[in-house]
Amino acid sequence: MKFTTTLIAATALAFSFGGAVVSQTKAGFIYVGPPTDFGWSYEHDQGRLAVEEAFGDAVETTYVDTVPEGADAERVLTQMALGGADIIFTTSFGYMDPTLNVAAKFPNVKFEHATGYKRADNVSTYSARFYEGRHVIGLIAGRMTETNTIGYIASFPIPEVVRGINAAYLAAKSVNPDVKFKVVWVYTWIDPGKEADAANALIEQGADVIMQHTDSPAAMTIAEEKGIMAFGQASDMMQFGPTARLSSIIDNWGPYYIDRVQAVMDGTWASTDTWDGIAPGMVEIGAFSDRIPADVQAEAQAAADAIAAGTLHPFTGPINKQDGSVWLAEGETADDGTLAGMNFYVEGVEGELPQ
Amino acid sequence: MDFSTLNPVALIASLIMAATPILLAAIGELVVEKSGVLNLGVEGMMIIGAIAGFAISVETDSPWLGMLAAVLAGASLALIFGFLTQFLLSNQVATGLALTLFGLGLAALLGQSYSGMKPPSSLRLDIPVLSDLPIVGEMLFRHDFMVYFSLLIVVGVWFFLNRTRAGLVLRAVGENHNAAHSLGYNVVMIRMGAIAFGGACAGLGGAYVSLIRVPQWTEGMTAGAGWIALAIVVFASWKPWRVILGAYLFGGVTILQLNLQALGIGISAAYLSMTPYLITIIVMVIMSADRRRASLNAPASLGQIFHASH
């Protein structure tokens, strides 16, 4: 169903590459949703536009949107590589294996896979420490909820999403011991109807703050309609919930994309693993709503500043796993390896984590 | 397990909301199939309705005009299908699939400048007196206008097909187009009418998604609802009343699985997510188990090309 746009774009891509000037560096991007989703794919596209802005005619960028995760992605990537792309950004977790497979066939093309953990000589991975942002909005959520129930719309049970739930929960719990998280898995990155249904289900069961880890602003729209609170995800989403929106986690990919394209142009590109957070600006916290009391705003800002300064780690012990076993001892902080592969809930999160 | 937070009243209210777009699309497709035409382009017509309804609502600030635009857009797209299959005698299955692909692409193109906008507020209709009834009032009489309208359409379709002469003719065309033709009925024009109606209903269903259920525009936002509608027509064995049952059952299971997850029930979410589809398949198997009955219900000329050679 969704492959129409992909198909048309891929064809257009093949033609546009065919007729391009040789000296240009070509950067390709594939998105899991439309760049107009005002969420995840939108911010990646903003990053692409930042590359265009920075390099002007020296770089040509192309993108294919709404590419399903799986075999179809491999076809699109092959098409891009054949079309002469020098560097290709694959911007969703599910593109991991397709990226590796296609990269093996095109050793001279550089690949950059977002949020994954498999690398090769010509495949880098990059991600943002969204959990740092989750910590900040978790604090706000814990302070703001009146029903002590926070609804969480989750996409797929992968480490990145689980980490977000745990980080937000621990932060909320630290300021509000009575807080409860209700997690609903929708098994899609973008399906506005389903995201809206999930938001409604959570609201019916008493949630008065909604967090989401899906790509469309549907939940924000519903939160506004139902008069509860929510946070922008990946993008600010202010226009969808002028009253409901408390703050947001904004992904800022532009600087990273510019760096990497520059490295390709200079011939200095090497396979790396980048995981940046609030400090370098890859994760931004959106402006606080006036609804948040000044002291809570100050508390959230202080947390963000401390994370940026490196004096606060969102996962600092003592933290137990959901089954009660000890994960982090007093004062111990989580290492990146465990965080990158996080496949367990922390103590206090209810429900079973789908495996 | 604490079920006290599971509010059956709210559950039914959101069930109806999730089911209405599918119901609208399915009842339209039912009429099309009753006339002997299989249009697999429901998804494409829905998404065109979704963007047309959204765009016109935003431009005119009137949800009513938006709904009207969705009807017209869905019907226009359907008429392209009608022209190809009825006049140029193209294969219905291939043409229908192409219509879906075309609709999704065209809607994405048309919708580019409409992402991130808010439509005018939806058309709520609290039925006076009845909506004040405890429980039942909230459950059944506090919906938007389109919920009641979709049910009215089902009643109208039932009445038309089973109680009017025109409905009888339409069914005759679907059962045996050669016989209907030799009796002097204009098979092609009757089918064109049915196809346009099907498109109009699908368009309306799409507009329901973009104007009421989510209120926003996102590419591909109907997310497969058109295919579910097609399945529900078979599920209902081409009977209008059963379309309501099918659509509400599907909507119900979808909503229930999300609610059960929020309750923290100990079943893997993957199973819960597949239940609506699983139940649709199971019921379709049960329905078609009795071969004689199933074949009695399906319009005999369904999907066949009509060529007036004599």
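In this text the structure is predicted, and so the values were computed from the model without any measurement.

So, on to the overall build of chain A. The helix and strand tally for chain A stands at 11 helices and 14 strands. The globule rule puts the C-alpha radius of gyration for 355 residues at 20 Å, and the 20 Å found for chain A is close to it. Out of the 355 residues belonging to chain A, those deemed buried represent 62%. In chain A, 66% of the contacts between residues at least 6 apart in sequence involve partners at least 24 apart. Carbon and sulfur atoms provide 52% of the accessible area of chain A, an area that totals close to 12,400 Å². Side-chain charges of chain A comprise 21 positive and 46 negative groups, with the mean position of each set lying 4 Å from the other.

All names here are of chain B. Relative to the helices and strands, Q86 resides in helix α3 (residues 63-87). A distance of 3.3 Å separates the side chain of Q86 from the side chain of T85, its partner in a polar contact. The residues touching Q86, leaving out its near neighbours within four places in the chain, are V37, Q92, V188, R191, M192 and I195.

Looking now at the packing of aromatic side chains. Residue and element names in this part refer to chain A. Tallied over the entire structure, the rule returns 29 aromatic pairs over all chains. Among the aromatic residues, those joined into a ring-pair cluster are F29, Y31, W40, Y63, F89, Y126, F130, W253, Y256 and Y257. Directly above the aromatic system of F344 lies the positively charged group of K321, at a separation of 4.5 Å from the ring centroid.

As a further point, take the environment of V147 of chain B. Residues and elements named next belong to chain B. Residue placement: V147 occurs in helix α6 (residues 145-163). Judged by its relative accessible area of 2%, V147 is buried. Along the primary structure V147 and P21 are separated by 126 residues, whereas in three dimensions their C-alpha atoms are 9.0 Å apart.

Quick look at the sheet that holds strand β3 (residues 87-90) of chain A now. Residue and element names in this part refer to chain A. Spatially, the 6 strands line up as an open sheet ordered β2-β1-β3-β4-β5-β11, and their pairing is parallel. This sheet does not close on itself; its edge strands, each paired only once, are β2 (59-64) and β11 (273-276). Here the average twist between neighbouring strands, direction ignored, is 15°. Taken together, the 4 bridges between β3 and strand β4 (residues 110-114) define a ladder with parallel strand orientation.

Bringing the sheet that holds strand β6 (residues 149-154) of chain A into the picture now. All names here are of chain A. Reading across the sheet, the 6 strands line up as β7-β6-β8-β9-β10-β12 and stay open at both edges, with mixed pairing between neighbours. What marks the edges here is a single partner per strand, and that holds for β7 (180-185) and β12 (283-285). Strand-to-strand twist of the sheet, defined as the mean angle between neighbouring strand axes without regard to direction, takes the value 15°. Pairing geometry for strand β8 (residues 209-212) and strand β9 (residues 229-234), over 2 bridges, is parallel. Note that in β9 the partner of V209 across the bridge is M229. Set on the sheet, helix α5 (residues 130-144) makes contact with β6, β8, β9, β10 (245-251) and β12; between it and β10 the angle comes to about 175°.

To continue, consider the side chain of R245 of chain A. Residues and elements named next belong to chain A. Tracing the chain through its elements places R245 in strand β10. Residue R245 is classed as buried on the basis of its relative accessible area, which comes to 2%. Of the polar contacts made by the side chain of R245, one reaches the backbone oxygen of A287; its length is 2.7 Å. Discounting chain neighbours no more than four positions away, the residues touching R245 are M220, A230, G232, D236, M237, M238, G286, A287 and S289.

By the definition in use, this model includes 11 salt bridges over all chains. For R119 of chain A, the salt bridge identified is with D273 of chain A, shortest N-O distance 3.5 Å. Of this pair, R119 of chain A sits in the loop between β4 and β5 (123-128) while D273 of chain A sits in strand β11, placing them 154 residues apart in sequence. Judged by relative accessible area, which is 38%, R119 of chain A ranks as partly exposed. Ionic pairing is found between D197 of chain A and R213 of chain B, a salt bridge with its closest N-O pair at 2.3 Å.

All names here are of chain A. For chain A, the domain assignment lists domain 1 (3-128) and domain 2 (130-250 + 283-340). On the domain 2 side, the residues contacting the 15 residues of domain 1 number 17 residues. Summed over both partners, the interface of domain 1 with domain 2 buries about 1,300 Å², with 64% contributed by carbon and sulfur atoms. Looking only at domain 1, the three residues that lose the most surface to domain 2 are F38, W40 and A128, adding up to 42% of its buried area. Linking domain 1 to domain 2 there are 0 salt bridges. Taken together, domain 1 and domain 2 are joined by 3 residue pairs in polar contact (both at pLDDT 80 or more). A per-element tally of the side of domain 1 that touches domain 2 places helix α2 (residues 40-55) first, with 3 residues.

Further remarks concern helix α9 (residues 254-266) of chain A. Residue and element names in this part refer to chain A. Compared with the 18 Å implied by 1.5 Å per residue over 13 residues, the 18 Å span of α9 between its first and last C-alpha is a close match. Listed in full, the buried residues belonging to α9 are G254, Y256, Y257, R260, V261, A263 and V264. Positive phi appears at G267, one or two residues downstream of α9, with a value of about 75°.

Contact residues are listed per partner, giving 40 residues for chain B and 40 residues for chain A. Both sides of the chain B and chain A interface together cover about 3,200 Å² of buried area, and 59% of this is carbon and sulfur. Broken down residue by residue, the surface that chain B buries against chain A is led by E219, L258 and A262 of chain B, which jointly contribute 18%. The tally of links from chain B across to chain A stands at 1 salt bridge. Along the contact surface separating chain B from chain A lie 7 residue pairs in polar contact (both at pLDDT 80 or more). Looking at the side of chain B that touches chain A, the elements that each hand over two or more residues are α1 (8-34), α4 (92-110), α11 (240-262) and α12 (269-289) of chain B. If one sorts the elements of the side of chain B that touches chain A by residue count, α11 of chain B sits on top with 7 residues.

The next thing to look at is the environment of M221 of chain B. The residue M221 of chain B is located in the loop between α9 (187-213) and α10 (225-235) in this model. Taking the relative accessible area as the measure of exposure, M221 of chain B reaches 1% and is therefore buried. Along the sequence, M221 of chain B and G205 of chain B sit 16 residues apart, while their C-alpha atoms lie 12 Å from each other. Non-local contacts of M221 of chain B, meaning those with residues more than four positions away in its chain, are made with D191 and P192 of chain A together with I47, V209, S210, V214 and Q216 of chain B.

Note the cis peptide between G317 of chain A and P318 of chain A, where omega equals 5°. At S237 of chain B, a residue that is not glycine, the phi angle is positive and equals roughly 40°. Its place among the elements puts S237 of chain B in the loop between α10 and α11. One non-glycine residue, W238 of chain B, adopts positive backbone phi at about 60°. A relative accessible area of 10% places W238 of chain B in the buried class.

Cut-offs and rules
Residues numbered from 1 in each chain as written. Chains lettered and ligands numbered in written order. Predicted model: local features only at pLDDT ≥ 70, side-chain atom pairs only at ≥ 80, totals over all residues. Heavy atoms only, no water. Helix = DSSP H or I, 4+ residues; strand = E, 2+ residues; numbered from the N terminus. Rg over C-alpha atoms; globule rule 2.2 N^0.38 Å. Buried < 20%, exposed > 50% of the residue type's maximum accessible area, 1.4 Å probe, protein only. Contact = heavy atoms within 4.5 Å. Areas by Shrake-Rupley, 256 points an atom, 1.4 Å probe, with all protein chains shown as cover. Lys, Arg positive; Asp, Glu negative; His and termini not counted. Charge placed at Lys NZ, Arg CZ, Asp CG, Glu CD. Polar contact = N/O pair within 3.5 Å; in protein donor to acceptor, adjacent residues only side chain to side chain. Phe/Tyr/Trp six-rings, centres within 6.5 Å; stacked < 30°, edge-to-face > 60°. Lys NZ or Arg CZ within 6 Å of the ring centre and 35° of its normal. Pairing = 2+ DSSP bridges. Axes fitted to C-alpha atoms, helices over the stretch in contact; angles between N-to-C directions. Salt bridge = Lys/Arg side-chain N within 4 Å of Asp/Glu carboxyl O. Domains from an automatic or database assignment. Buried area = accessible area lost by both parts, 1.4 Å probe. Expected span 1.5 Å × (residues − 1).

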